[in-house]
Amino acid sequence: MRSSYQYIIQGAGASGLWLAYWLDQFGLLQNHHLLIAEGDLNKVNDRTWCFWTPIDEAEFPFVDKRWTSLRVQNANQVIDPYAYCHTRSQDFYGWVKIKLSQNPNIHWYKGYIEQAKASQEYVEVQTAEGKLQAQYFFRSGQLTDFQGPDAISLWQSFVGWRIRLDQGTWDTKSATLMDFSIPQAHATRFLYVLPIAENEGLVEVTQFHASPLTVAEGEEVLAEICKERGWKCSILEVECNAIPMSSVFNQTEKVTQSNARIIPIGVAAGALKPTTGYGFLAMRKHARELAIALKNKKPLPTIYRKRRFRFYDALLLHMLSSTPHRGKAIFERLFSRQPATRILKFLDEKTSIWEELRIFSRLQVSWFLKALLTYGKD
């Protein structure tokens, strides 16, 4: 292993691999070396990513299923110009690693970066095998980073089954999002049903609560749902995860400090939207912008979010934390009185103020006003 690199990336998850991909694509690794540090170089399907995008399919060859309509509140809605996309992490990992394998200047290290210290000239990182140097060190976030006044108050946790129907079929044209017809159990719970094929799909229960949903709890809910809906099935895989719903990593500046050499990516950079947990496309976009800035010797961009969207998220998190029993009613009202396309655009933070006023005017205004009066006083 070399002792010096131009770039070191901590983690070979979505944010780390997207950054490595774009560094390579923009020619930044023709004469420079990159080290990717990852504790598990053989990880395969450890999660599922979903996202919506109007981008051409060729941009995402690892996506295995796309839906152009969503089933919300028991009704199908076409979401043109978007498509809701599903990819298994093993397909994304495999696609990127094949691309990166063609560059001899990309190196892999099985292990962790234990410490990183920046000077004006370089970053010194400590590994189990010794110290290394790099011009830039890119780090993703860990759960231990969530500290301070905006630390974790809620978790978005989920347990999913990839199942095969033993009899019957699904309509594969639409994916079901945020089905609140399941028992809430003093939390905010909803169901996703993503039919990958006529007899195979992902059924997932998601919970917003101060405590994460356990695998046992989630599987109990899923078993009851399958029984109630007559889905006699075989369980192919079990998937679970917990995402912190926190604004602690929100970026308030558009670029990093001019002399910064330790650069956050992924969770640490604020890629996860606090109220939804979606972050795959934000990681892709940030990685691409970082590579372009490095190529052009420009200030490195952050995942900057406009102040009003940061406020919307913070207020909703406050409501879900202080009055969790209202979550179902809020989201059902949101999706029943707005077209799904507008909601997706709002979640992308691309709506205008007038569009946002149209959305908020259809919600429980008195609840939000009461929440606003208590916001910041906890």
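The shown structure was predicted, so the numbers you read here are calculated from the model rather than taken from an experiment. (Residues numbered from 1 in each chain as written. Predicted model: local features only at pLDDT ≥ 70, side-chain atom pairs only at ≥ 80, totals over all residues. Heavy atoms only, no water.)

Let's shift gears to unusual backbone geometry. Between Asp80 and the following residue, Pro81, the backbone shows a cis peptide bond with an omega angle of 15 degrees. Residue Met178 is not a glycine yet carries a positive backbone phi of 50 degrees. Looking at the element boundaries, Met178 is found in strand β13 (residues 174–179). The residue Lys297 is not glycine, and still its phi comes out positive at about 55 degrees. The residue Lys297 is located in the loop between α4 (280–295) and α5 (307–322) in this model. (Helix = DSSP H or I, 4+ residues; strand = E, 2+ residues; numbered from the N terminus.)

As a further point, take α5. Compared with an ideal rise of 1.5 Å per residue, which puts 16 residues at 22 Å, α5 spans 22 Å between its outermost C-alpha atoms and is within 8% of the ideal. Buried within α5 are the following residues: Phe309, Arg310, Tyr312, Asp313, Ala314, Leu315, Leu316, Leu317, His318, Met319 and Leu320. (Expected span 1.5 Å × (residues − 1). Buried < 20%, exposed > 50% of the residue type's maximum accessible area, 1.4 Å probe, protein only.)

Once that is clear, we can look at the sheet that holds strand β7 (residues 83–88). Spatial strand order, β3-β7-β4: three strands in an open sheet with antiparallel pairing. Taken across any chain shown, the strands that pair with only one partner, and hence form the sheet edges, are β3 (48–53) and β4 (65–67). Direction aside, the axes of adjacent strands within the sheet are offset by 20 degrees on average. One ladder, built from three bridges, connects β4 with β7; its direction is antiparallel. Residue Lys65 lies in a different strand from β7, and its bridge partner there is His86. (Pairing = 2+ DSSP bridges. Axes fitted to C-alpha atoms, helices over the stretch in contact; angles between N-to-C directions.)

In a beta sheet, neighbouring strands pair by backbone hydrogen bonds and run either parallel or antiparallel. With mixed pairing, seven strands are arranged side by side in an open sheet as β6-β5-β13-β14-β15-β12-β16. Two strands in the sheet have a free side with no partner beyond their single neighbour: β6 (75–78) and β16 (233–245). Here the strands of the sheet are splayed against their neighbours by 20 degrees on average, with no regard to which way each runs. The strands that helix α6 (residues 327–336) touches are β5 (69–72), β6, β13, β14 (188–197) and β15 (200–209); relative to β14, the one it contacts most, it runs at about 50 degrees. (Contact = heavy atoms within 4.5 Å.)

It is worth spelling out the pattern of salt bridges at this point. A side chain with one charge may pair with a side chain of the opposite charge, provided their charged atoms come close. Within this structure, the stated rule accounts for 14 salt bridges. As a salt-bridge pair, Lys131 and Glu124 come within 3.7 Å of each other at their nearest N and O atoms. Glu124 sits in the partly exposed class, given a relative accessible area of 29%. Put simply, Glu200 and Arg164 hold a salt bridge, and the shortest N to O gap is 3.6 Å. Highlighted residues: Glu200 in strand β15 and Arg164 in strand β12 (residues 154–165), separated in sequence by 36 residues. Within this structure, Lys273, Arg305, Asp313 and Glu349 form a network of salt bridges that share partners. (Salt bridge = Lys/Arg side-chain N within 4 Å of Asp/Glu carboxyl O.)

Let us now look at the packing of α5 against helix α9 (residues 365–374). Helix packing for two helices is described by the angle between their axes and how far apart those axes are. Remark: α5 packs on α9, axes separated minimally by 10 Å, with the N-to-C direction vectors making an angle of 95 degrees. When the axis of α5 is compared with that of α9, the two are roughly perpendicular. Residues Phe311, Leu315, His318 and Met319 of α5 pack against Trp367, Phe368, Ala371, Leu372 and Thr374 of α9. Looking at the contact of α5 with α9 residue by residue, the class counts come to seven nonpolar, two polar and no charged. (Parallel < 35°, antiparallel > 145°, perpendicular 65-115°, else oblique. Nonpolar A, V, L, I, M, F, W, Y, C, P; charged D, E, K, R; others polar.)

The subject of this paragraph is the packing of aromatic side chains. Using the criterion set out here, one finds 37 aromatic pairs in the structure. On the basis of an interplanar angle of 70 degrees and a centroid distance of 6.1 Å, the ring pair of Trp18 and Trp95 is categorised as edge-to-face. Of the two residues, Trp18 is situated in helix α1 (residues 14–25) and Trp95 in helix α2 (residues 89–100); the sequence distance between them amounts to 77 residues. A relative accessible area of 17% places Trp95 in the buried class. Judged by centre distance (5.9 Å) and plane angle (85 degrees), the ring pair of Trp49 and Tyr93 falls under edge-to-face. Placement of the pair is Trp49 in strand β3 and Tyr93 in helix α2, with a sequence separation of 44 residues. Here the two residues Trp49 and Tyr93 agree in accessibility, since each one is buried. (Phe/Tyr/Trp six-rings, centres within 6.5 Å; stacked < 30°, edge-to-face > 60°.)

Within a regular strand, the side chains alternate between the two sheet faces. Of the strand pairs in this sheet, β5 and β6 are connected by four bridges, and their pairing is antiparallel. Bridge pairing in β6 links Ser69 to Val78. Hairpin connection from β5 to β6: two residues lie between these consecutive antiparallel strands, with Gln73 at a positive phi of about 55 degrees. With three bridges connecting them, β5 and β13 associate as parallel partners. By the bridge assignment, Ser69 is partnered in β13 with Ser174.

Before going further, it helps to spend a moment on the environment of Lys110. Along the chain, the position of Lys110 falls in strand β8 (residues 106–110). You can call Lys110 exposed: its relative accessible area is 56%. Taking the C-alpha atoms as reference, Lys110 lies 9.9 Å from Gly11; in sequence the two are 99 residues apart. Excluding its chain neighbours within four sequence positions, the residues that come into contact with Lys110 are Glu38, Gly39 and Leu41.

Attention shifts here to a negative patch on the surface. Judged by side-chain charge, Glu217, Glu220, Glu224 and Glu228 come together as a negatively charged surface patch. If you trace the backbone, Glu220 turns up in helix α3 (residues 215–228). For Glu220, a relative accessible area of 59% corresponds to the exposed category. (Patch = residues over 30% accessible without salt bridge, like charges linked within 9 Å, V, L, I, M, F, W, Y side chains within 5 Å. Areas by Shrake-Rupley, 256 points an atom, 1.4 Å probe, with all protein chains shown as cover. Lys, Arg positive; Asp, Glu negative; His and termini not counted. Charge placed at Lys NZ, Arg CZ, Asp CG, Glu CD.)

Counting 46 residues, the largest nonpolar core has Trp18, Leu23, Phe92 and Phe138 as the members making the most contacts within it. Among the secondary structure elements, those contributing two or more residues to this core are β1 (4–10), α1, β2 (34–38), β3, β7, α2, β17 (262–265) and α4. Sequence-distant contacts of Leu23, defined by excluding residues within four places in its chain, comprise Tyr7, Ile9, Leu28, Leu29, Ala291 and Leu294. Counting 40 residues, the second-largest nonpolar core is a separate cluster that includes Phe190, Phe208, Leu334 and Phe346. (Core = buried A, V, L, I, M, F, W, Y, C linked by side-chain atoms within 4.5 Å.)

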